[in-house]
Amino acid sequence: MAIRLPDSIYSQNQVGVALAELHTYAGHLRDSLARAKIGSQPIDIALSPFLDALFTATNSDKKVLSGVETLITELEDLRRTAPTVHITLAAFPDESMKMTITKWFRQIHPEVFVAFGTRSDIVGGMILRTSSTIHDFSYRTQLLSHRNRISEILRSAK
Amino acid sequence: MDSTMITIILLITLILISVVYGLSLNKKIQKLQVPTSPREEELHVEGSKIFAEMDMKTIEAFALAQMKDATEKSAAKLQSSLTNIAEKVASELSDIATKNLDQEFEKYRVHLESLRSKSIAQFDTLQKSLNDHYVEQVTKIDTTLTAEASKQIDALYARIDDVVSGYIIDSLGATVDLGTQSSVIIAELEKHKDDIKREIV
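All figures in this text were calculated on a predicted structure; none of them were measured in a lab.

1. Some thoughts on the side chain of His 109 of chain A
Phase 1: With respect to the secondary-structure elements, His 109 of chain A resides in the loop between α4 (95-108) and β2 (113-118).
Phase 2: For His 109 of chain A, a relative accessible area of 15% gives the class buried.
Phase 3: With residues up to four places along the chain from it excluded, the contact list for His 109 of chain A reads Pro 83 of chain A together with Ile 200 and Val 201 of chain B.

See the structure below:
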């Protein structure tokens, strides 16, 4: 069964960063286990809040090497297979907004990644691109596609 | 024409009668002048010559008087008849002329009336044709002007659309507030949820 990512991890890049950190963490765990076998004091490793949240969200035991390795394997599989949607906004969104949008998408597909981009000329709204389709919900497009409404209003105001 | 001919024939007949009457009188006179018996010649020879000559003169005078009287009467009658005839002829000629002229005038009047009716009909047709053509041209021009005006107005409004929408885009582009847009974005996603789900899953 695939793991469920927290909404704070929404992009493949974040998963890449998490994997890099997990590999480092797994190395430290192996080192600690080896040190424990020879009676040496293990090195305390501080996890980043990002990785800590990942362990919490995936219900993985961060002290068990096999669990960490399984998490690494699952994350690599997820990064390779999970679909990605690209969202372009008029300004760069804050984390709260990113999480809100990611949460909405994960109601549809729990493993989906969301890549955020910006284009100030779209004025507002967003452009959504999936693997096969582009949905333009931008204000600019809506305004331009309904610009005759301006003249209709002007005409009706005569 | 018939009464005129009859009058002329009557006049000629009267003249002929006058001539015949004059000739008969002339014969009577000649008879009176010729001696008819030897006895009278004897009287002439024997001394009654004066009486005979006197008789001849009397007879001649009488005949002449008779002839003159007849001629005067005939002349008076002829004069009267000629006067009547002339008046009748003048009257007839006047009637004929009047009648002919009336007929001719009537013909001309009818002909002119016909021409007038035809002319009026042709003018009516021409007027109707001109009116139809005028209405057609006015309608065509009106349609063209309306279409052109509508085209120009549409172009103006399209330009206004471009200007206003461009102004709005330029104005809002610099002041984006995603915080106020998040609910709109989520609502838009909800609206197209089925399509998005189909594409992702």
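Now that the structure has been shown, the text picks up again.
2. What about the layout of surface pockets?
Phase 1: Taken as a whole, the second largest pocket encloses approximately 240 Å³ of empty space.
Phase 2: Tyr 25, Leu 29, Ser 32, Leu 33, Pro 42, Ile 43, Asp 44, Ile 45, Leu 47, Lys 62 and Lys 63 of chain A together form the lining of the second largest pocket.

3. Side note on the confidence of the model for chain B
Residues and elements named next belong to chain B.
Phase 1: The predicted model of chain B averages 82 in pLDDT, with 86% of residues at 70 or higher.
Phase 2: At the low end of the mean pLDDT range in chain B sits helix α2 (residues 38-46), at 51; at the high end sits helix α5 (residues 193-200), at 90.
Phase 3: Across the interface, the model reports ipTM at 0.79; the global pTM reads 0.53.

4. Considering the interface of chain B and chain A
It is common to report an interface's size as the accessible area lost on association of the parts.
Phase 1: Tallying the contact residues gives 30 residues for chain B and 41 residues for chain A.
Phase 2: Buried surface at the junction of chain B and chain A, summed over both partners, amounts to about 3,000 Å²; 74% is from carbon and sulfur atoms.
Phase 3: If you sort the residues of chain B by the area they bury against chain A, Tyr 157, Glu 199 and Ile 200 of chain B come out on top, with a joint share of 21%.
Phase 4: For the pair chain B and chain A, the interface holds 0 salt bridges.
Phase 5: Connecting chain B to chain A are 5 residue pairs in polar contact (both at pLDDT 80 or more).

5. Focus: the pairing of strand β3 (residues 126-129) of chain A
Residue and element names in this part refer to chain A.
Phase 1: As paired elements, strand β1 (residues 84-89) and β3 share 4 bridges and run antiparallel to each other. Its bridge partner lying in β3, Ile 87 is registered against Leu 128.
Phase 2: Looking at chain direction, β3 and strand β4 (residues 134-136) are connected through 3 bridges and run antiparallel. Residue pairing for β4: Arg 129 is matched across the bridge by Ile 134.
Phase 3: From the end of β3 to the start of β4, which pair antiparallel, there are 4 residues.

6. Topic: the packing of helix α2 (residues 49-58) of chain A against helix α3 (residues 65-81) of chain A
All names here are of chain A.
Phase 1: Contact geometry for α2 and α3: axes closest at 12 Å, N-to-C directions at 90°. The angle between the axes of α2 and α3 places the two elements in the roughly perpendicular class. Of the residues in α3, those touching α2 at Leu 54, Phe 55 and Thr 58 are Val 68, Leu 71 and Leu 75.
Phase 2: For the contact of α2 with α3, the class distribution of residues is 5 nonpolar, 1 polar and no charged.

7. A word on the nonpolar core
Residue and element names in this part refer to chain A.
Phase 1: Membership of the largest hydrophobic core comes to 21 residues, with the highest contact counts inside it found for Leu 5, Leu 22, Leu 54, Val 68 and Leu 75.
Phase 2: Breaking this core down by element, the ones donating at least two residues are α1 (12-37), α2 and α3.
Phase 3: With 7 residues, the single largest contributor to this core is α1.
Phase 4: Excluding anything up to four places from it in sequence, Leu 5 contacts Val 15, Leu 54, Leu 75, Leu 78, Arg 106 and Phe 113.

8. With respect to the pattern of salt bridges
Phase 1: For the coordinates displayed, the defined rule picks out 14 salt bridges over all chains.
Phase 2: Between Arg 106 of chain A and Asp 7 of chain A there is a salt bridge; the shortest N-O distance is 4.0 Å. Linking Arg 106 of chain A in helix α4 with Asp 7 of chain A in the segment before α1, this pair joins segments that are 99 residues apart in sequence.
Phase 3: Of the charged contacts, one joins Asp 132 of chain B and Lys 128 of chain B as a salt bridge, the two residues approaching to 3.3 Å between their closest N and O atoms. Of the two residues, Asp 132 of chain B and Lys 128 of chain B both sit in helix α3 (residues 49-173), 4 residues apart, roughly one turn of that helix.

9. Describing the sheet that holds β3 of chain A
Consider a sheet: its strands pair through backbone hydrogen bonds, and that pairing is either parallel or antiparallel.
Residues and elements named next belong to chain A.
Phase 1: Strands sit in the order β2-β1-β3-β4 across an open sheet of 4 strands; the sheet is mixed. Looking along the sheet, the strands with just one partner apiece sit at the ends: β2 and β4. Adjacent strand axes in the sheet meet at a mean angle of 20°, parallel and antiparallel pairs treated alike.
Phase 2: Across 6 bridges, the pairing between β1 and β2 is parallel. Looking across to β2, one finds that Ile 87 is bridged to Phe 116.

How each quantity is defined
- Residues numbered from 1 in each chain as written.
- Chains lettered and ligands numbered in written order.
- Predicted model: local features only at pLDDT ≥ 70, side-chain atom pairs only at ≥ 80, totals over all residues.
- Heavy atoms only, no water.
- Helix = DSSP H or I, 4+ residues; strand = E, 2+ residues; numbered from the N terminus.
- Buried < 20%, exposed > 50% of the residue type's maximum accessible area, 1.4 Å probe, protein only.
- Contact = heavy atoms within 4.5 Å.
- 1 Å grid on protein atoms, 1.4 Å probe; cavity = no way out; pocket = protein on both sides within 12 Å on 5 of 7 lines; lining within 4 Å.
- Points joined across faces, edges and corners; volume = space filled by probe spheres on them.
- pLDDT = per-residue confidence, 0-100.
- Buried area = accessible area lost by both parts, 1.4 Å probe.
- Salt bridge = Lys/Arg side-chain N within 4 Å of Asp/Glu carboxyl O.
- Polar contact = N/O pair within 3.5 Å; in protein donor to acceptor, adjacent residues only side chain to side chain.
- Pairing = 2+ DSSP bridges.
- Axes fitted to C-alpha atoms, helices over the stretch in contact; angles between N-to-C directions.
- Parallel < 35°, antiparallel > 145°, perpendicular 65-115°, else oblique.
- Nonpolar A, V, L, I, M, F, W, Y, C, P; charged D, E, K, R; others polar.
- Core = buried A, V, L, I, M, F, W, Y, C linked by side-chain atoms within 4.5 Å.

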